[in-house]
Every structure is written in structure tokens, then in C-alpha cells.
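# Examination of the molecular architecture
The primary structure of each chain is shown beneath.
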Number of protein chains: 2
Amino acid sequence: MKPPVKKTPVARSRRRDSHRLTPHELELGAFFVQMAGILGVPRSVAQIYALLYAADAGLDFDQIQAKLGMSKGSVSQGLKFLRDHEMILAVKAKGVRRERWEPTPSLAASMVNLVRRQVLPALEQSTPVLQRVLDGAQTTGASPEVLERLSRLKRWNARALELFPLMLPPSPGG
Amino acid sequence: MKPPVKKTPVARSRRRDSHRLTPHELELGAFFVQMAGILGVPRSVAQIYALLYAADAGLDFDQIQAKLGMSKGSVSQGLKFLRDHEMILAVKAKGVRRERWEPTPSLAASMVNLVRRQVLPALEQSTPVLQRVLDGAQTTGASPEVLERLSRLKRWNARALELFPLMLPPSPGG
DNA sequence: GACATGTTTCAATAAAAATTGAACTTAGGC
DNA sequence: GCCTAAGTTCAATTTTTATTGAAACATGTC
């Protein structure tokens, strides 16, 4: 299990070159890293997001890499993740090849999307599973308590599956 | 990042002796393992919980160990976790040393507690952090956009901190 | 359409997290 | 009070996940 409190949350960052970051950027980074941890998002992604969040104008690939002292691979994957989850937007000036990145207006929507993408597929897959398990338990003569538990679980699953999509409109129009 | 879908979710279980489990126990186990993954709870804990969930009467330490083919250490730690989070209860028959374990009635409450224990401390710690970051941004003359973002974040944090404790009464009386 | 610049991919590596097992502690029966 | 069964702890190990960096791939500019 994850240790409840990380002993050295910034160890890695310190080990590398993030003294390019101001103390406040570091603090905000640590905050986003902690929240991201709860959502199962890797630290490097959270660091990128935090950086963009506190940046006056969008930052480009190289600026991000330089400020955080991370590899190209990590920056690329991090930006991909953030793009895929619609947490950042490209701002492209004409005649300039290089893209700059900014956080999308709603962090809330991004977070809900993030959770939904983890939970929804799990709920969907499990509907038939729970049905089969319940049927099996009935067939093999499980106790009333167990049958009750399992059907409660199944009802929940169904209800969650109804409610979840209502939590916020899925990204663009759907 | 966690791969979106696990390639071989039951690989480990298969590798060991969980052919002592019925197909339905396995399926239910996989379901709980998946959900637990989202909450950051280790697989072994979820497997123990699933087993107890589908068991007619409580199971004791050795039965759990035998059925799941896991080490004493894991069973002990897993039961400790489940006890600490009030997800299981000991049922003790008189004159018998060995305890048997059953799931507590409300899985919902258990899950809410689980989430709260992860999120609340993070929110609490971050209140002063966000204040400092915002002050710093003001001092160093950040753009209005950044200031707006940061104060929004701070407001959220405060609101979440208010709302969260209301989600369900903390375990016994407090 | 060639070239340079910017980005992605992915196998190798490093880091973090979970699991094991053997030594240790605790509790109950005698 | 001692002995033994029952359970816990924790350093070592295994497993999983994240990161790196070099090679491959794009894409805009001239």
C-alpha cells in the first residue's frame, strides 16, 4: 500500500534541476502532485500541469523541459496525457512552429473526466460479472446474507452506471 | 502511468494456488481488485475483502491464507487495513481463540471513509500552501489570469474542506 | 521536395509499491 | 508462570509503474 504520507515528496525533483523553479512553483507543484497521486496520475504529469497553471503565458515544450529538468520523453508523454484529458490547450501563433500550452479553463471538469474515465469502464465491465456471480451463488445455495450482499452490490453497480454519466457532459458535444 | 486496462489482471492469482477459489470467487475478486485499484488499495487487500464478501460465515486467518495462497504477512496486513478502515468485523465464538472475519454491513460507508482519509489531509495541508502561493504571485506581479486561477483554486480548496466532512459521519461517534 | 526543427515512440533503466517469510511478540490454556 | 498457538513486524525481494534517451517520425519553411 502507498505509505500514507510520503517521506520525501520532492526528493526526485530536488535531485534534479528544479532549482530553476521558484519556491512558489515548487509548492504549487507539490500540491498538484499530491492531488494527482490520489487520482493515480504520475508525478511528472502533475508537475507539468502545475507549471502551466502558474505560468503567465503558455509555455512551450523546451521551456517545460528546461524548467522541470525532465526528459523529452516525459514531457511528450505528459503533454499527451494532458491533451487527451483535455486539461491543456495549444495556443499557436501564426508563423511560429512551436506550440505553447495553457491549462483549459475548467480544472473541475478535467478532474471529473479523469475520474469518470477510470470508473465508467470498470462499472460497465462488471455488470455481467455481478449477474453471473449472483446467479452462481443462487445455484450453489449460498446463504441469504450472501445473496443479499451480492444483489445489493449489483443494484449499486446499476445505479452508479446510470448516475455517472450525468456528472458532467462528456467533453465536446456528446 | 497505470496502463488503462490491465493485460493480465489475474496473472498473479493464477500463478499461485487460487485454484482453490471457485470461478465466481475469482470473478468477484477481480471486480473488487479493479475497484480497489482506482482507490489505491492493493490487490491483496481487495482479494481478502472479496473472499469474505462471498463467504457464508466468517473466515479465519488460516482459511484466508489457504484460499488465496498468500503469505502470513500479507494476510495480517490486509486484515489490519480492513479493520482499520472498519470494513470487516471480528466474530468471536467463546472458548475459541481464533477469530473469524466478516464484512461490515455497509460497503458504501467504508468506501467513503477510504476516500476521505486520502483526501482530507491533503486538503488541510494545502490551505496555507495555496495562500502563500497566491500572496507570492501577487507580490511578484503575476498576470490577472494567473491570479484569478490561483484564487479560484484556493476557494475550491476551502469549499471542499467544508463539504467533505459532511459526506458521512466519521466512523463511531465523532 | 529537401532540410531542419520539433515531437513521439519504445526498449532499457530507475523508482516506487506490494509481497514474502522468518524472527519476534502476544494472549490463552494449563 | 510457562508453553504454545496465533498473529505481527519488518528487512529483503519481487512486481509494477514511471522515467529516460536515443532513434524514428512529422511537419512547417525555404
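Described below are features of the structure shown in this document. (Residues numbered from 1 in each chain as written. Chains lettered and ligands numbered in written order. Predicted model: local features only at pLDDT ≥ 70, side-chain atom pairs only at ≥ 80, totals over all residues. Heavy atoms only, no water.)

A few words now on the overall build of chain A. Scanning chain A from terminus to terminus reveals seven helices and three strands. Put simply, chain A runs from its N terminus to its C terminus through helices and strands in the order α-α-α-β-α-α-β-β-α-α. A burial count over chain A gives 41% of its 174 residues as buried. Within chain A, residue pairs in contact and separated by at least 24 positions form 57% of the contacts whose partners lie at least 6 positions apart. Element-wise, carbon and sulfur atoms account for 59% of the exposed surface of chain A, whose accessible area totals about 9800 Å². (Helix = DSSP H or I, 4+ residues; strand = E, 2+ residues; numbered from the N terminus. Buried < 20%, exposed > 50% of the residue type's maximum accessible area, 1.4 Å probe, protein only. Contact = heavy atoms within 4.5 Å. Areas by Shrake-Rupley, 256 points an atom, 1.4 Å probe, with all protein chains shown as cover.)

Looking now at the relation of the copies chain B and chain A. Of the transformation superimposing chain B on chain A, the axial component is 0.0 Å and the angular component is 180°, with the fit at an RMSD of 0.1 Å. Put plainly, the chains are arranged around a two-fold axis. Most of the interface of chain B is mirrored in chain A: 100% of its interface residues are interface residues there too. (Least-squares fit on C-alpha atoms with pLDDT ≥ 70 in both.)

Here the focus is the packing of helix H4 (residues 61-68) of chain A against helix H5 (residues 72-84) of chain A. Residues and elements named next belong to chain A. Close contact between H4 and H5 brings their axes to 10 Å; oriented N to C, the two are set at 120°. The angle between H4 and H5 places the two elements in the oblique class. The handedness of the crossing between H4 and H5 comes out as right-handed. Counted together, Phe 61, Ile 64 and Gln 65 of H4 and Lys 72, Val 75, Ser 76 and Leu 79 of H5 form the full contact between these two elements. Split into classes, the residues belonging to the contact of H4 with H5 amount to four nonpolar, two polar and one charged. (Axes fitted to C-alpha atoms, helices over the stretch in contact; angles between N-to-C directions. Parallel < 35°, antiparallel > 145°, perpendicular 65-115°, else oblique. Left-handed = near helix turned anticlockwise from the far one by under 90°. Nonpolar A, V, L, I, M, F, W, Y, C, P; charged D, E, K, R; others polar.)

Attention shifts here to the sheet that holds strand E3 (residues 100-103) of chain A. Residue and element names in this part refer to chain A. A sheet is described by the order of its strands in space; here three strands give the open sequence E1-E3-E2, paired in antiparallel fashion. Two strands in the sheet have a free side with no partner beyond their single neighbour: strand E1 (59-60) and strand E2 (88-91). As judged from the four bridges shared by E2 and E3, these two strands associate in the antiparallel manner. Across the sheet, residue Val 91 finds its bridge partner in E3, namely Arg 100. (Pairing = 2+ DSSP bridges.)

Within the open sheet, the three strands sit side by side as E1-E3-E2 (chain B). Their pairing is antiparallel. Edge positions in the open sheet fall to strand E1 (59-60) and strand E2 (88-91) of chain B, since each of these has one partner strand only.

Before going further, it helps to examine helix H4 (residues 61-68) of chain B. Here H4 of chain B starts with a cap whose side-chain oxygen sits 3.1 Å from the backbone nitrogen of Asp 62 of chain B, and that cap is Asp 60 of chain B. At the C-terminal side of H4 of chain B, Gly 69 of chain B shows a positive phi close to 60°. (Polar contact = N/O pair within 3.5 Å; in protein donor to acceptor, adjacent residues only side chain to side chain.)

The next subject is the interface of chain B and chain A. Listed per partner, the contact involves 43 residues of chain B and 43 residues of chain A. Together, the buried faces of chain B and chain A total about 3800 Å²; carbon and sulfur atoms form 65% of this surface. Where Glu 27 of chain B meets Arg 132 of chain A, a salt bridge forms, and the shortest distance between an N and an O atom there is 2.6 Å. On inspection of chain B and its partner chain A, the count reaches 12 residue pairs in polar contact (both at pLDDT 80 or more). Elements that contribute at least two residues to the side of chain B that touches chain A include exactly helix H2 (23-39), helix H3 (43-53), helix H6 (107-139) and helix H7 (144-163) of chain B. Of the residues forming the side of chain B that touches chain A, the biggest block, 14 residues, is contributed by H6 of chain B. Residues that form the side of chain B that touches chain A fall into these classes: 29 nonpolar, eight polar and six charged. (Buried area = accessible area lost by both parts, 1.4 Å probe. Salt bridge = Lys/Arg side-chain N within 4 Å of Asp/Glu carboxyl O.)

Let's shift gears to the environment of Ala 160 of chain B. Residues and elements named next belong to chain B. Assignment of secondary structure puts Ala 160 in helix H7. Residues Ala 160 and Glu 124, 36 residues apart in the sequence, show an inter-C-alpha distance of 9.8 Å. Non-local contacts of Ala 160, meaning those with residues more than four positions away in its chain, are made with Leu 123 and Pro 165.

Here we take up the pattern of salt bridges. Residue and element names in this part refer to chain A. Enumeration according to the criterion identifies 12 salt bridges over all chains in this entry. Measuring nitrogen to oxygen at the nearest pair gives 2.5 Å for the salt bridge that ties Arg 98 to Asp 62. In this pair, Arg 98 is assigned in the loop between E2 and E3 and Asp 62 in helix H4, connecting sequence segments 36 residues apart. Of the residues examined, Arg 98 reaches a relative accessible area of 38% and is grouped as partly exposed. Taken together, the shared-partner salt bridges in this structure form one network comprising Asp 60, Asp 62 and Arg 98.

Let's shift gears to the side chain of Thr 104 of chain A. All names here are of chain A. Assignment of secondary structure puts Thr 104 in the loop between E3 and helix H6 (107-139). Of note is the side chain of Thr 104, whose polar atom sits 3.1 Å from the backbone oxygen of Glu 86. Setting aside its immediate chain neighbours within four residues, Thr 104 contacts Glu 86, Met 87, Ile 88, Leu 89 and Ser 110.

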